[in-house]
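Spelled out from the first residue to the last, the chains are:
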Amino acid sequence: MSAAIPELKQFDEAELDRVFTGLEAEVAAQARTLTSGESLEAFRLHWLGRKQGRLGQLSAAWLKSAPAPAKPSLGVRFNQLKAQIESLLQDSLQQRQAGSRGSGLDITLPGAALRIGAEHPLVKTMAEIVNVFQRMGYSVSLGPEVETDFYNFEALNFPPNHPARDTQDTLVIAAQEQKPLRERLLMRTHTSPVQIRSMLEQAPPLHLVIPGKVHRNDAADATHSPVFHQVEGLCVDTNITFSDLKGTLDHAMKAFFGSAVKTRFFPSFFPFTEPSADVQISCIFCAGKGCRKCKHSGWIELLGCGMVDPAVFEAVNQRRLQMGREPVYDIRKISGFAFGMGVDRIAMMKYGIGDIGLLYSGDLRFLEQFA
Ligand code: PHE
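Each chain carries its own residue numbering, running from 1 in the written order of its sequence. Local features in a predicted model are, by the rule used here, given only for residues with pLDDT of at least 70; side-chain atom pairs are given and counted only at 80 or more, and totals for whole chains, interfaces and linings are based on all residues. Hydrogens and water molecules were not included; the side-chain quantities draw on all heavy atoms of the structure.

**Student:** What's the story with the nonpolar core in this structure? I'm lost.
**Tutor:** Each nonpolar core is a collection of buried residues, namely Ala, Val, Leu, Ile, Met, Phe, Trp, Tyr and Cys, held together in the definition by side-chain atoms within 4.5 Å. Working definition: with a 1.4 Å probe on protein chains only, accessible area under 20% of the residue-type maximum means buried, over 50% means exposed, and in between means partly exposed. Judged by nonpolar contacts, the single largest core of 44 residues is most densely connected at Phe133, Leu249, Met253, Phe257, Cys305 and Met341. When contributions to this core are tallied by element, the ones reaching two or more residues are helix H5 (121-134), strand E5 (227-238), helix H9 (242-257), strand E7 (273-282), strand E8 (299-308), strand E9 (334-342) and helix H11 (343-351). Only heavy atoms enter the contact rule, under which two residues are in contact if any of them lie within 4.5 Å. Ignoring anything within four residues of it in the chain, the contact list for Met341 reads Ile129, Phe133, His229, Gln230, Val231, Met253, Leu302, Leu303 and Ile346. If you look at the next biggest cluster of nonpolar residues, it comprises 24 residues, including Phe153, Ala164, Leu200 and Leu208. By definition, any uninterrupted DSSP run of H or I lasting at least four residues is a helix, any uninterrupted run of E lasting at least two residues is a strand, and each is numbered from the N terminus.

**Student:** When you look at the pairing of E7 in this model, what are you seeing that I'm missing?
**Tutor:** On a regular strand, each side chain points to the face opposite its neighbour's, so the side chains alternate between the two faces of the sheet. Across the 10 residues that make up E7, a large majority, 8, are buried. Paired strands are those between which DSSP finds at least two bridges. Relative to E7, strand E6 (residues 263-270) runs antiparallel, the two sharing 7 bridges. The residue bridging Thr263 from the neighbouring strand is Ile281, located in E7. Hairpin remark: E6 followed by E7, antiparallel, with 2 residues in the connecting loop.

**Student:** Explanation requested: helix H1 (residues 13-31) in the structure shown.
**Tutor:** For an α-helix, the turn length of 3.6 residues means that residues three or four places apart are oriented alike. With 19 residues, H1 should reach 27 Å at 1.5 Å per residue; the first-to-last C-alpha distance of 26 Å fits that figure. If you check which residues of H1 are buried, you get Glu15, Leu16, Val19, Phe20, Leu23, Val27, Gln30 and Ala31. On an axial view of H1, the arc spanned by its buried residues comes to 140°, and they lie on one face. Seen from the open side of H1, the exposed residues pointing more than 90 degrees away from its buried face are Ala14 and Arg18. A helix is expected to span 1.5 Å multiplied by its residue count minus one. This arc is built from the directions going out from the helix axis to the C-beta atoms.

**Student:** Is there a simple way to explain the site of the ligand in this structure?
**Tutor:** Inspection of the region around the ligand gives 14 residues, with His190, Ser192, Arg216, Gln230 and Glu232 positioned closest. Pairing of N or O atoms within 3.5 Å defines a polar contact, subject to two protein rules: one partner must be a possible hydrogen donor and the other a possible acceptor, and residues neighboring in sequence count only if both atoms are side-chain atoms. A distance of 2.9 Å separates a nitrogen atom of the ligand from a polar side-chain atom of Ser192. Gln230 is positioned such that a nitrogen or oxygen atom in its side chain is 2.9 Å from an oxygen atom of the ligand. With the chains in place, 92% of the 320 Å² that the ligand exposes on its own is no longer accessible. For the shell around the ligand, the elements supplying multiple residues, two or more each, are E5, E8 and E9. It is E9 that contributes the most residues to the shell around the ligand, 3 residues altogether. Ten residues, namely Ala, Val, Leu, Ile, Met, Phe, Trp, Tyr, Cys and Pro, are considered nonpolar, four, namely Asp, Glu, Lys and Arg, are considered charged, and the remaining ones, Gly among them, are considered polar. Within the shell around the ligand, the residues separate by chemical class into 5 nonpolar, 7 polar and 2 charged. Near residues are defined by distance, with any heavy atom within 4 Å of the molecule or strand qualifying the residue. To be clear on the numbers: accessible area is Shrake-Rupley with a 1.4 Å probe, and residue cover counts the displayed protein chains and nothing else.

**Student:** Can you help me understand the packing of H1 against helix H3 (residues 54-65) in this one?
**Tutor:** Two packed helices can be described by the angle between their axes and the distance between those axes. Lines are fitted to the C-alpha atoms to define the axes, a helix being fitted only along its stretch in contact, and any angle between axes, read from their N-to-C directions, falls within 0 to 180 degrees. With their axes 13 Å apart at the nearest point, H1 and H3 run at an angle of 170° to one another. Between H1 and H3, the crossing angle belongs to the class labelled roughly antiparallel. Contact residues: Val19, Phe20, Leu23 and Glu26 in H1; Arg54, Leu58 and Trp62 in H3. Along the lines of polarity and charge, the residues of the contact of H1 with H3 split into 5 nonpolar, no polar and 2 charged. Orientation categories follow fixed angle ranges, with anything under 35 degrees roughly parallel, anything over 145 roughly antiparallel, 65 to 115 roughly perpendicular, and all other angles oblique.

**Student:** Please clarify how unusual backbone geometry should be interpreted in this entry.
**Tutor:** Cis geometry marks the peptide bond from Pro204 to Pro205, where omega comes out at 5°. With respect to the secondary-structure elements, Pro205 resides in the loop between helix H8 (193-201) and strand E4 (206-215). Here the residue pair Glu274 and Pro275 is connected by a cis peptide bond, since its omega of -5° sits within 30 degrees of zero. The phi torsion at Ala287 lies on the positive side, around 55°, for a residue other than glycine. Within the element layout of this structure, Ala287 appears in the loop between E7 and E8.

**Student:** Any chance you could explain the pattern of salt bridges here in plain terms?
**Tutor:** If the charged atoms of two oppositely charged side chains come close together, the side chains can form a pair. By convention in these notes, a salt bridge is any Lys or Arg side-chain nitrogen within 4 Å of a carboxyl oxygen on Asp or Glu. A complete count under the given rule lists 15 salt bridges for this structure. Across the pair Asp149 and Arg165 runs a salt bridge whose closest N-O atoms are separated by 2.8 Å. One end of the pair, Asp149, is in helix H6 (residues 149-152); the other, Arg165, is in helix H7 (residues 163-166), with 16 residues separating them in the sequence. Among the salt bridges present, the one from Asp250 reaches Lys254, with a minimum N-O distance of 3.0 Å.

By themselves, these figures tell us nothing about what the structure is for.
If you want it as structure tokens, here you go:
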């Protein structure tokens, strides 16, 4: 498809008309012969190719020899010609694609494989934990990640300026200072505010698991991420005791990690539970013998828990009254326990993940291992 560059002697409109009409006809004639992908590409290169393209060669030659007044008209004509070539290319390409779908349908060819996504290891772990409690009759409750100070702290018995607030490294939403403290927005630092939300909506008995994402102003390292996940639990009924808490969590840990796992409870502190405890399980890597993973203690710290503090029930009752609802959390008749565990650490243990950041990296090389 190579052609010589004709020399232009005159640059008046009549002569330009004649030459460009010829070029357009040449383009159109060639376009009709484009039947294969190769010919399409050859046609494109012939006209538009960066080095040897005819359009480039023509415009270089003609624009150089044209007198200044004729240059704008030449430029416009080259642009039109280029647009014609591009649209012809586009049309031929579309026709070819339509044709290969229409007439050439071969039902014996394998179908285009749709790749199905895989559950993220965090989501999977969270669902498995939730499932353990669902099998014990718990239902799932959810709440917002942007919370008010009231739900995240005040109703959970964190007084204003209480040092326990400092341990939460709260990320606050900007420009809230003009609001009363309890209405200020923040990123929830734990899933516990959903305890309050649930008790405002429902009367006891309550058996709830609350999975969700939480946020703290922690510097990221191998074991800390400013975003992480928790599964919360809340059980409120008549005659709920610390034995129920111990039995429930011991069963849950055995159901999740295997029946050989042991649990032990240590005194701890949370403003919204009294008494409070930290729960450890026997190391799942060394069966309690002591190894690097459990820092040679034989135990791994897994969750916080305790009996719901009466102050929490009181805060719920008060708010229910303001909402025109009955204050049904009568602390003389009912009691409850709550617990909260970090999902990320459990997922990392389960899958042997050494760096929490991998869970949030979106790196397919990491994620595809779980497909
Ligand atoms: N919310 C607590 C935390 O994030 C955990 C917890 C939940 C403790 C429920 C007791 C009861 O640390």
